[in-house]
Amino acid sequence: MTHDDLAQTEPLIRIVVADDQAIVRDGLVTVLRLVPGLEVVAEAADGEEAVARTAELRPDVVLMDLRMPGLDGVGATARITADFPDTAVLVLTTFADDESILRALTAGARGYLTKDAGRAELAAAVRAVARGQSTFAPEVSAVLVTALSQGAAAPADPPRAVDDAAALQARFPQLTRREAEVLALVAEGLSNGEIAATLFLGISTVKTHINSLFAKLAVRDRAQAITLVRS
């Protein structure tokens, strides 16, 4: 039995394609729709849209680019794998450097391919991650082997202030969990950009959370928020 015959006997694998370049998205959608057993249910032009389409459609696989405006692929991967564990993220990117690979896998990506992958390799990877298996391009596997052999550390854990979010939420029950996490990092002196990188959020999302928590706590600025937290 061929792969195509097998695909026809199994449920369709539902896919969201996330890439900020329209011509790349169009090409991927065209290629995937030619493969029996695969169905593209939505497209996304950035990480926020990828998360939104995942929440709306609960696809089996998100095919994720890494470098996108606003919330990037790593941040979107972290949110999707945390909030929608039944959806697998397969990274498809032009970048195969050590940092990009380790950040994506730490965020929860189940597979990692580069954009020179052929249709058969891409289809096989989509099916693998949909079944719960991990799959990597050869050059990615080489990076992982080197990292393990050298004892390379994963990206640094978020500051301990994030662990204090539960305590802050207990003190200020009007805050959501995410707002409490943002407040904890504000109290540590992190900038909006640093908070966004720590929590895998877009900067605009961080600003929204900060404005919301300021209103709920009746404070005007970061200095007042920090004073309140430390009081």
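Residues numbered from 1 in each chain as written. Predicted model: local features only at pLDDT ≥ 70, side-chain atom pairs only at ≥ 80, totals over all residues. Heavy atoms only, no water.

Peer 1: Quick rundown of the overall build of the protein? Include the residues and the values.
Peer 2: The secondary structure content of the protein amounts to 12 helices and 6 strands. Taken over 231 residues, the protein has a buried fraction of 43%. By sequence separation, contacts in the protein at least 24 residues apart represent 62% of the contacts at least 6 residues apart. For the protein, the exposed area adds up to about 11500 Å²; of that, 52% sits on carbon and sulfur atoms. (Helix = DSSP H or I, 4+ residues; strand = E, 2+ residues; numbered from the N terminus. Buried < 20%, exposed > 50% of the residue type's maximum accessible area, 1.4 Å probe, protein only. Contact = heavy atoms within 4.5 Å. Areas by Shrake-Rupley, 256 points an atom, 1.4 Å probe, with all protein chains shown as cover.)

Peer 1: An account of the sheet that holds strand S5 (residues 111-114) is needed here, citing residue identities and associated values.
Peer 2: Ordered in space as S2-S1-S3-S4-S5-S6, the 6 strands form an open sheet in which the pairing is parallel. Of all the strands in the sheet, just strand S2 (38-44) and strand S6 (135-136) have a single pairing partner and so form its edges. For strand S1 (residues 13-18) and strand S3 (residues 61-64), the ladder comprises 4 bridges, and the chain directions are parallel. Bridging across to S3, Val17 finds its partner in Leu63. (Pairing = 2+ DSSP bridges.)

Peer 1: Let's hear about the pairing of S2: which residues, and what values?
Peer 2: Residues in a regular strand project their side chains so that they alternate between the two faces of the sheet. For S1 and S2, the ladder comprises 6 bridges, and the chain directions are parallel. Of the residues in S2, the one forming a bridge with Ile15 is Val40. At this point the chain moves from S1, through helix H2 (residues 22-33), to the parallel S2, and the crossover so formed is right-handed. (Right-handed = clockwise from strand over helix to strand, strands pointing away.)

Peer 1: Can you explain the nonpolar core? Please cite residues and give values.
Peer 2: In terms of nonpolar packing, the biggest core is built from 44 residues, with Ile15, Met64, Leu90 and Leu122 touching the most fellow members. Contacts of Leu122, omitting those with residues within four sequence positions, involve Leu28, Leu32, Leu63, Leu90, Leu92 and Leu113. Listed in part, the 23 residues of the second largest apolar core include Ala165, Phe172, Ala196 and Leu213. (Core = buried A, V, L, I, M, F, W, Y, C linked by side-chain atoms within 4.5 Å.)

Peer 1: Describe in detail helix H10 (residues 192-199), supporting the description with residues and values.
Peer 2: Along H10, the residues that are buried comprise Ile195, Ala196, Thr198 and Leu199. Down the axis of H10, the smallest arc covering the buried residues is 165°, so these residues share one side. Considering only its buried residues, H10 is in contact with helix H9 (177-187), helix H11 (203-217) and helix H12 (222-230). (Arc of directions from axis to C-beta.)

Peer 1: Describe the pattern of salt bridges, naming the residues involved and giving the relevant values.
Peer 2: With the rule as written, the count across this model stands at 9 salt bridges. A salt bridge links Glu181 to Arg178; its shortest N-O distance comes to 2.7 Å. One end of the pair is Glu181 and the other is Arg178, both in helix H9 and 3 residues apart, which spans about a single turn. With a relative accessible area of 10%, Glu181 lands in the buried category. Each of the salt bridges in this network shares a partner with another, and the network as a whole consists of Asp19, Asp65 and Lys115. (Salt bridge = Lys/Arg side-chain N within 4 Å of Asp/Glu carboxyl O.)

Peer 1: Which residues make up the packing of H9 against H11, and what values go with them?
Peer 2: At a minimum axis distance of 9 Å, the contact between H9 and H11 shows a crossing angle of 90°. The orientation of H9 relative to H11 falls into the category roughly perpendicular. Contact residues: H9 offers Arg178, Glu179, Val182, Leu183 and Val186, while H11 offers His209, Ile210, Ser212, Leu213, Lys216 and Leu217. Split by residue class, the contact of H9 with H11 holds 6 nonpolar, 2 polar and 3 charged. (Axes fitted to C-alpha atoms, helices over the stretch in contact; angles between N-to-C directions. Parallel < 35°, antiparallel > 145°, perpendicular 65-115°, else oblique. Nonpolar A, V, L, I, M, F, W, Y, C, P; charged D, E, K, R; others polar.)

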